Amino acid sequence: MLYEGLKVLKTMMVTAALSATLVVGADAAELKGGIVDTGTLNFRSAPSESAPIIDKLYNGYRVCILDVDENGWASISINGNPGYVSAEYLDVLDVMDVNGGGAKVTASALNVRSYPSTDSAVLTTLPQGTVATITGINKGWFQVTYNGVQGYVSPDYIEIVPLQQQAASEPGASSVTSDVISYAKQFIGTPYVYGGSTPSGFDCSGFTSYVYKHFGISLPHSSSAQYSSLAKVSRDQLKAGDLVFFTNGGSGIGHVGIYVGNNQFIHSPSSGRTVCIDTMSSGYYASHYVGAGRVF
């Protein structure tokens, strides 16, 4: 009896919370995310236990919640396909205001597409751990922007996070380091130029030295020299504003960028690319990471 009473209470609380914050329709400005909180959950074609089962969702599966009716049925969308599940078995994510929220990639890589469909063109691919800005929703897909690219990602492979998981919210970040990150981000999109150290084009160490020169700090125009000149910082003690260093395939230092928090750094990568933010938690830069140095 106690168990049944707790289930009823949970249903009432979830339904009430969702009904108070959700609005009807796929074009709503504010939506919610949910995580399946049971072994298996039937995904049905209509809000009824007698409706056909489209699919089965398993514990931990993420969904987009479009609406919750008075009977506790959640209208959701999975990979663009609408359907219904019982809201009783969903844990609502705390952060899911679409405009300004963050979409953190949970897969090893996630395609950003031109339209909310797997048949549309791939605009770019985000590595695991990347946080893109959510700007809307269409057919159950999230519209996001990242490094100037705007497109759509499937909600199946993202975690909703506060977008402020960057410099200002990083432990130990000061107003000065926040200013450094903000200043560095002004140059996103600037082309890579070998030996470049001006806004017309940067190489990696030219970019870091230019940014810190703006704050009265002189750094040598060489990634290895920058590494040698700074006090070393362990990876678990990284703070926004630290310089992070990588090899270029050899044993020495060959690349440098500025840590912005959340396992991400801003840098001028290589010929043919532009200043951007990349992840250090997976992919090339995870395997080529050497160490970090603290500027101040």
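Let us look at the structure shown here. (Residues numbered from 1 in each chain as written. Predicted model: local features only at pLDDT ≥ 70, side-chain atom pairs only at ≥ 80, totals over all residues. Heavy atoms only, no water.)

**Description of the overall build of the protein**
No. 1: A tally of regular secondary structure across the protein gives five helices and 22 strands.
No. 2: Within the protein, buried positions represent 46% of all 296 residues.
No. 3: Restricting the contact set of the protein to residue pairs at least 6 apart, pairs at least 24 apart contribute 56%.
No. 4: Summed over all atoms, the accessible surface of the protein reaches about 13,700 Å², with 52% contributed by carbon and sulfur. (Helix = DSSP H or I, 4+ residues; strand = E, 2+ residues; numbered from the N terminus. Buried < 20%, exposed > 50% of the residue type's maximum accessible area, 1.4 Å probe, protein only. Contact = heavy atoms within 4.5 Å. Areas by Shrake-Rupley, 256 points an atom, 1.4 Å probe, with all protein chains shown as cover.)

**Let's talk about the side chain of Ser86**
No. 1: Along the chain, Ser86 falls in strand β6 (residues 81-86).
No. 2: Accessibility expressed as a relative area gives 18% for Ser86, which makes it buried.
No. 3: Leaving out residues up to four positions away in the same chain, Ser86 has contacts with Leu41, Gly72 and Trp73.

**Looking at the environment of Gly60**
No. 1: Mapped onto the elements, Gly60 comes out in the loop between β3 (53-58) and β4 (62-68).
No. 2: With relative accessibility at 37%, the residue Gly60 sits in the partly exposed group.
No. 3: On a C-alpha basis, the gap between Gly60 and Asp91 in space is 9.4 Å, while along the polypeptide they are 31 residues apart.
No. 4: Sequence-distant contacts of Gly60, defined by excluding residues within four places in its chain, comprise Ile35 and Val36.

**Quick word on the packing of aromatic side chains**
No. 1: Summed over the entire model, instances satisfying the criterion amount to 12 aromatic pairs.
No. 2: Judged by centre distance (5.4 Å) and plane angle (55 degrees), the ring pair of Phe202 and Tyr210 falls under tilted.
No. 3: The partly exposed category is assigned to Tyr210, whose relative accessible area is 25%.
No. 4: Taken together through their ring pairs, the aromatic side chains of Tyr183, Phe187, Phe202, Phe207, Tyr210 and Phe215 make up a single cluster. (Phe/Tyr/Trp six-rings, centres within 6.5 Å; stacked < 30°, edge-to-face > 60°.)

**Some remarks on the nonpolar core**
No. 1: If you look at the biggest cluster of nonpolar residues, it comprises 36 residues, and the most contacted ones within it are Phe142, Val144, Phe207, Leu243, Ile258 and Ile266.
No. 2: Here Phe207 is in contact with Ala184, Phe187, Phe202, Ile258, Ile266, His267, Ser268 and Val275, once residues within four sequence places are set aside. (Core = buried A, V, L, I, M, F, W, Y, C linked by side-chain atoms within 4.5 Å.)

**Focus on the pattern of salt bridges**
No. 1: Evaluation of the coordinates by the stated rule reveals two salt bridges.
No. 2: Measuring nitrogen to oxygen at the nearest pair gives 2.8 Å for the salt bridge that ties Asp242 to Arg294. Linking Asp242 in the loop between β17 (231-233) and β18 (243-246) with Arg294 in strand β22 (residues 289-294), this pair joins segments that are 52 residues apart in sequence.
No. 3: On the basis of relative accessibility, which here comes to 2%, the residue Asp242 falls in the buried class. (Salt bridge = Lys/Arg side-chain N within 4 Å of Asp/Glu carboxyl O.)

**Quick notes on the environment of Ala225**
No. 1: Within the secondary structure, Ala225 sits in helix α4 (residues 223-229).
No. 2: Judged by its relative accessible area of 27%, Ala225 falls in the partly exposed class.
No. 3: For the pair Ala225 and Ile253, spaced 28 residues apart in sequence, the C-alpha to C-alpha distance is 8.9 Å.

**Here we look at unusual backbone geometry**
No. 1: Of note in the backbone geometry, Asn262 takes a positive phi value of approximately 60 degrees without being a glycine.
No. 2: One non-glycine residue with positive phi stands out, namely Asn263, at about 60 degrees.
No. 3: You can see Asn263 is positioned in the loop between β19 (255-261) and β20 (264-267).
No. 4: Overall, Asn263 belongs to the partly exposed group, its relative accessible area being 33%.

**Observations concerning helix α3 (residues 204-213)**
No. 1: The buried count for α3 comes to eight of 10 residues, which makes it a mostly enclosed element.
No. 2: Every buried residue of α3 is accounted for by Cys204, Ser205, Gly206, Phe207, Thr208, Ser209, Val211 and Tyr212.

**Concerning the pairing of β20**
No. 1: Across the two faces of β20 the burial is the same, with Gln264 and Ile266 and Phe265 and His267 all buried.
No. 2: Bridge count for β19 against β20 is three bridges, and the pairing is antiparallel. Paired with Ile258 across the bridge in β20 is Ile266.
No. 3: Between the end of β19 and the start of β20, which pair antiparallel, lie two residues, with Asn262 showing a positive phi angle near 60 degrees. (Pairing = 2+ DSSP bridges.)

Any link to function would need more than the numbers given here.
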